[in-house]
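An overview of the molecular structure
So the chains spell out like this:
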Amino acid sequence: MASTEDKAASKESPSSWKDSIYNPRTGELLGRTASSWALILLFYLVFYCFLAGMFALTMWVMLLTLDDSVPRYRDRIPSPGLAIRPNSLDISFNRSDPQKYSQYVQNLESFLQRYNDTEQEGNTDCSPGDYTLREGGEGMSQKACRFRRALLSFCSGLSDTNFGYHEGKPCVLLKMNRIIGLMPGGDPYINCTVKKENPIQMHYFPKEGRFDKMYFPYYGKKAHENYVEPLVAVKLLFTKEDYNKELAVECKVNGSNLLNNDDRDKFLGRITFRIKVVE
């Protein structure tokens, strides 16, 4: 039989458990009075307000050191990469089937919309061969040099809306990626080679595949709002002997101080793509 003390203890245990949450005799909630809880909440309110204020002050000081037009640190990429349009490193199509090459034609046409005369009306005719230097102070809107689509001649899509794909002599467009403040030395131009025994004839547009200095330097998206990159079009003049073969084409930026032989980055100043034309 349970003793009298055990019965008393069993009767008191539910009351003690409830008192640990709220004690009506002392007014304590979870072991603390209302004034104690008020002091703790006030402490954490002040503490977190102080942390938020320190964070806001730090961000404000950091933002004061930044320029809206130019990144603060620009020394990680000394030379631009080379990009290709159509936006593919593996081009394969049947020249007799428009559905097989329509995706490449549409990609080129869509990309060249920015180079239409209607889009270039607001840009300026600059002096060829000379850098277009900043006018006014930093942050001021800069004039953008006009690049006419017609400069790409047979690869402009104006006289030949299929960009040569229907005749097995396709065009590809090359451009250098934008780097703020880049002023390439020398006279940069594109040179492409095909990795095969017999060389393939190519035509470059504009003349000699040159990037004119007047399109440099670039001052950033905000200051150079209407800027468009200069393009070089390469028309690959394949013959019947070249059809049904996958050929590797390597294009490089030559004639300047821009890097094009870094083994760690195969897109720095150069690009390699594969192309196959099926007859």
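Further up the page is the structure itself.
The notes below deal with the structure included here. (Residues numbered from 1 in each chain as written. Predicted model: local features only at pLDDT ≥ 70, side-chain atom pairs only at ≥ 80, totals over all residues. Heavy atoms only, no water.)

**Topic: the side chain of Asn260**
For the record, the criterion: A run of H or I in DSSP counts as a helix once it spans at least four residues, and a run of E counts as a strand once it spans at least two, with each numbered from the N terminus. Polar contact is the term for a pair of N or O atoms within 3.5 Å; when the atoms are in protein, one must be able to donate a hydrogen and the other to accept it, and sequence-neighboring residues count only if both atoms are side-chain atoms. Two residues qualify as a contact provided that any one of their heavy atoms is within 4.5 Å of a heavy atom in the partner residue.
Position of Asn260 relative to the elements: it lies in the loop between β9 (246-254) and β10 (270-278). A distance of 3.0 Å separates the side chain of Asn260 from the backbone oxygen of Val253, its partner in a polar contact. Once residues within four sequence positions are removed from consideration, Asn260 is found in contact with Lys252, Val253, Asn254, Leu268, Gly269 and Arg270.

**Things to note about unusual backbone geometry**
With omega at 10 degrees, the peptide bond leading from Arg85 into Pro86 counts as cis. A positive phi angle, close to 50 degrees, is found at Ser153, a residue other than glycine. Relative to the helices and strands, Ser153 is located in the loop between α4 (117-120) and β5 (171-176). With a phi close to 55 degrees, Phe163 is a non-glycine residue in the positive phi region. Counting through the fold element by element, Phe163 comes out in the loop between α4 and β5.

**A word on the environment of Lys252**
Within the secondary structure, Lys252 sits in strand β9. Residues Lys252 and Leu174, 78 residues apart in the sequence, show an inter-C-alpha distance of 9.8 Å. Apart from the residues within four sequence positions on either side, Lys252 is in contact with Tyr189, Ile190, Asn191, Asn260, Gly269 and Arg270.

**So, the state of the cysteines**
The condition is simple: Disulfides are defined as pairs of cysteine sulfur atoms found within 2.5 Å of each other.
Enumeration over the complete set of coordinates arrives at three disulfides. Here Cys192 engages in a disulfide with Cys251; their sulfurs sit 2.0 Å apart. Across the S-S bond of Cys192 and Cys251 the torsion is about 110 degrees, and the bridge reads as right-handed. Remark: Cys251 occurs in strand β9 and Cys192 occurs in strand β6 (residues 189-194); sequence separation between them is 59 residues.

**Some words on the nonpolar core**
For clarity, the threshold we go by: Buried Ala, Val, Leu, Ile, Met, Phe, Trp, Tyr and Cys residues form a nonpolar core when they are joined through side-chain atoms within 4.5 Å. A simple rule labels every residue: compare its accessible area, found with a 1.4 Å probe on the protein chains alone, to the largest value its type can have, and call it buried under 20%, exposed over 50%, or partly exposed in between.
Of all hydrophobic cores here, the largest spans 55 residues; its most connected members are Tyr165, Ile190, Cys192, Val234, Cys251 and Phe273. Those residues in contact with Val234, other than ones at most four positions away along the chain, are Cys155, Pro170, Cys171, Val172, Leu174, Ile190, Cys192, Met202, His203 and Tyr204.

**Considering the sheet that holds strand β4 (residues 90-94)**
Using the following cut-off: Pairing between strands is defined by DSSP: at least two bridges between them are needed. Axes here mean lines fitted to C-alpha atoms, for a helix over just the part in contact, with angles spanning 0 to 180 degrees between N-to-C directions.
Judged by pairing direction, the sheet is mixed, and its four strands sit side by side in the order β4-β10-β9-β6 without closing on themselves. For this open sheet the edge positions go to β4 and β6, each flanked by a neighbour on one side alone. Ignoring which end each strand starts from, the neighbouring axes of this sheet average 25 degrees apart. Here β4 runs beside β10; their pairing, made up of five bridges, is parallel. The residue bridging Phe93 from the neighbouring strand is Val277, located in β10.

**As for helix α3 (residues 98-111)**
Operational definition: To estimate how far a helix should extend, the number of its residues minus one is multiplied by 1.5 Å. To obtain the bend at a residue, axes are fitted to the seven residues ending there and to the seven starting there, and the angle between these axes is taken.
The terminal C-alpha atoms of α3 lie 19 Å apart, and with 14 residues this matches the ideal 20 Å at 1.5 Å per residue to within 8%. In α3, a bend of some 25 degrees at Tyr104 exceeds every other bend along the element. Where α3 is concerned, the buried positions are Tyr101, Tyr104, Val105, Leu108 and Phe111.

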